[in-house]
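Notes for the structure review
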Amino acid sequence: MMKLYGVPLSVHTRKVQLGLRAKGLDHTLRVVIPIAPDTLPENWKTLSPTGLIPVIEDGDLSLPDSGAILQYLDAKYPNTPLTPTDPEQRGRAIWFEAYLGAFFRDVLHPLFHQRVVAPMQGAVADDALMERVLTERAPRYLDYLEGQVDGDWLVGDALSVADIAVGANLVLFSYLGETVPAARYPALSTYFRHLLRLPVFIAQLADEKPFTAQMGFSQESLTA
Ligand SMILES: N[C@@H](CCC(=O)N[C@@H](CS)C(=O)NCC(=O)O)C(=O)O
């Protein structure tokens with residue numbers, strides 16, 4: 001069985017778990033939290049040259065990076081393709097996945113750091129940075145997505161890596177106490193709600209529950 005190193009509260013681990021679920025592939029989870037050294041396996045530097053999660057092991061292969069892993073899974077297990085074959089749709093799906101990577105770096109990573117990591121380390125949150133992230137950066141990304149969403153799927157007519165990337169990121173956004181207000185983002189909020197009703201997302205959120213409970217994150221607005 002495939003082995004996944006990571007933790008479901010991580011956006012990029014969640015992306016891989018959603019992809020595995022969509023394809024009906026079982027996996028075992030080895031919890032690795034990069035900022036908690038006691039969770040790192042002995043060979044972690046070899047498994048993850050960047051030190052980031054996730055990493056999978058499938059037979060003899062060990063592979064880091066959620067984007068690379070999803071491409072590998074699609075090639076190796078082509079049932080329920082997650083990357084469209086149509087050239088335009090394929091390009092757009094990979095673009096959205098990359099765009100959400102930027103959203104993670106510019107918005108979620110600093111928010112997570114200020115709201116979760118800093119208090120754990122007894123550090124004072126940088127309010128000016130949080131303000132910038134929430135009033136300038138986040139709306140720029142959400143406005144763009146609002147203009148791109150047109151129905152149930154971001155690209156084509158089935159779940160793709162683009163939807164997985166958006167959904168995986170917006171789940172953490174919600175855990176961090178932020179919403180996608182329907183008044184400002186009608187298309188995006190309806191689309192996100194549709195994703196949350198998919199069996200793969202329902203199963204994923206159910207499996208995340210012990211981890212969210214431990215961190216004091218609420219799933220209420222996601223499962224209501
Ligand atoms: N491009 C990578 C990004 C992975 C990434 O940023 N992982 C985060 C968790 S979601 C991480 O390991 N953070 C720990 C750290 O920054 O030290 C991917 O798609 O897998």
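Residue indices follow the written sequence of each chain, beginning from 1 at its first position. For this predicted model, a pLDDT threshold of at least 70 governs which residues receive local features, and a threshold of 80 or more governs which side-chain atom pairs are given and counted, while totals over whole chains, interfaces and linings are taken from all residues. Note: side-chain values were computed over all heavy atoms of the structure, leaving out hydrogens and water.

1. Describing the packing of aromatic side chains
Stacked, tilted and edge-to-face are the three classes assigned to paired rings of Phe, Tyr and Trp, where Trp is represented by its six-membered ring and a pair needs centres within 6.5 Å; plane angles under 30 degrees give stacked, over 60 edge-to-face, the rest tilted. All chains considered together, the criterion is met by nine aromatic pairs. Residues Tyr-175 and Phe-217 carry aromatic rings whose centres are separated by 5.5 Å and whose planes lie at 15° to one another, so their mutual orientation is stacked. Of this pair, Tyr-175 sits in helix H6 (residues 161-175) while Phe-217 sits in the loop between helix H8 (199-215) and helix H9 (220-223), placing them 42 residues apart in sequence. Here Tyr-175 matches Phe-217 in class, with each residue buried. Through a chain of ring-to-ring contacts, three or more aromatic side chains come together here, namely Trp-95, Phe-96, Tyr-99, Phe-103, Tyr-141, Tyr-144 and Phe-173. Runs of E in the DSSP output that reach at least two residues are strands. Runs of H or I that reach at least four are helices, and both are numbered from the N terminus. Whether a residue is buried, partly exposed or exposed follows from its accessible area with a 1.4 Å probe, protein chains only, as a fraction of its type maximum: under 20%, in between, or over 50%, in that order.

2. Brief notes about the pattern of salt bridges
Each reported salt bridge corresponds to a side-chain nitrogen of Lys or Arg within 4 Å of a carboxyl oxygen of Asp or Glu. Tallied over the full model, the rule gives six salt bridges. Linking Arg-115 and Glu-178 is a salt bridge whose minimum nitrogen-to-oxygen distance equals 2.7 Å. With Arg-115 in helix H4 (residues 87-120) and Glu-178 in the loop between H6 and helix H7 (186-196), this pair connects stretches of sequence that are 63 residues apart. The exposure class of Arg-115 is partly exposed, given its relative accessible area of 29%. A salt bridge links Asp-143 to Arg-184, with the shortest nitrogen-to-oxygen separation between them at 3.0 Å. A residue pair is termed long-range when its members are at least 10 positions apart, and Asp-143 in helix H5 (residues 127-148) and Arg-184 in the loop between H6 and H7 qualify at 41 residues.

3. As for the site of the ligand
Put simply, a residue is near a molecule or strand once any heavy atom of it comes within 4 Å of that molecule or strand. Around the ligand, the neighbouring residues are Ser-10, Val-11, His-12, Pro-34, Leu-52, Ile-53, Pro-54, Asp-65, Ser-66, Phe-104 and His-109. Whenever a nitrogen or oxygen atom comes within 3.5 Å of another N or O atom, the pair is scored as a polar contact, on the condition that within protein one atom can donate a hydrogen and the other can accept it, and that pairs from neighbouring residues in sequence are kept only if both atoms are in side chains. In this structure, an oxygen atom belonging to the ligand sits 2.6 Å away from a side-chain N or O atom of Ser-66. Relative to its unbound accessible surface of 520 Å², the ligand loses 73% to contact with the protein. Cavity means a closed set of points on a 1 Å grid over the protein atoms alone, one where a 1.4 Å probe fits but cannot get out, pocket means an open set with protein on both sides within 12 Å along at least 5 of 7 lines, and lining means a residue has an atom within 4 Å of a point. A cavity or pocket is said to hold a molecule if more than half of that molecule's atoms lie within 2 Å of its grid points. Of all the cavities here, the one that holds the ligand is the largest pocket. Listed by contribution, the elements that provide at least two residues to the shell around the ligand are helix H1 (11-22) and H4. Its residues assigned to classes, the shell around the ligand comprises six nonpolar, four polar and one charged. Surface exposure here means Shrake-Rupley accessible area, sampled with a 1.4 Å probe, where a residue is shielded only by the protein chains that are shown. Each residue is assigned to one of three groups, with Ala, Val, Leu, Ile, Met, Phe, Trp, Tyr, Cys and Pro labelled nonpolar, Asp, Glu, Lys and Arg labelled charged, and all others, Gly among them, labelled polar.

4. A look at H8
Expected helix span is taken as 1.5 Å per residue step, with the number of steps being one fewer than the number of residues. A rise of 1.5 Å per residue sets the reference length of H8, with its 17 residues, at 24 Å; its end C-alpha atoms lie 24 Å apart and thus fit the reference within 8%. Considering bend angle alone, the principal kink of H8 is centred on Lys-209 and spans about 45°; proline Pro-210 follows within four residues of it. All of the buried residues along H8 are Val-200, Phe-201, Gln-204, Leu-205, Glu-208, Phe-211 and Thr-212. Where the residues of H8 are buried, they touch H1, strand S2 (27-31), H6, H7 and H9. The seven residues ending at a residue and the seven starting there each receive a fitted axis; the angle between those axes is the bend at that residue. Here, residues are in contact when the closest pair of their heavy atoms is within 4.5 Å.

5. Thoughts on the layout of surface pockets
The computed volume of the largest pocket comes to approximately 1,000 Å³. Lining the largest pocket we find 37 residues, and of these Ser-10, Pro-34, Ile-53, Phe-104 and His-109 sit closest to its centre. The set of elements that each furnish at least two residues to the lining of the largest pocket consists of H1, helix H3 (66-76), H4, H6 and H8. Ranked by the residues each element gives to the lining of the largest pocket, the list is headed by H4, at twelve residues. Within the lining of the largest pocket, the residues separate by chemical class into 23 nonpolar, ten polar and four charged. Grid points are joined across faces, edges and corners, and a volume is the space filled by probe spheres set on the points.

6. Looking at the pairing of strand S3 (residues 55-58)
Here three bridges tie strand S1 (residues 2-6) to S3, and the two strands are oriented antiparallel to one another. When the bridges of S3 are listed, Tyr-5 appears paired with Val-55. Where S3 and strand S4 (residues 61-64) come together, four bridges link them in antiparallel fashion. Among the inter-strand pairings, Ile-56 is bridged to a residue of S4, identified as Leu-63. Two strands pair under a simple rule: DSSP has to find at least two bridges between them. Connecting S3 to the next strand, S4, in antiparallel fashion are two residues, including Gly-59 with a positive phi near 60°.

7. Some details on the environment of Leu-142
Tracing the chain through its elements places Leu-142 in helix H5. Sequence separation between Leu-142 and Trp-153 is eleven residues; the distance between their C-alpha atoms is 16 Å. Not counting residues within four places of it along the chain, the set of residues in contact with Leu-142 comprises Phe-103, Leu-170, Phe-173, Tyr-185 and Leu-188.

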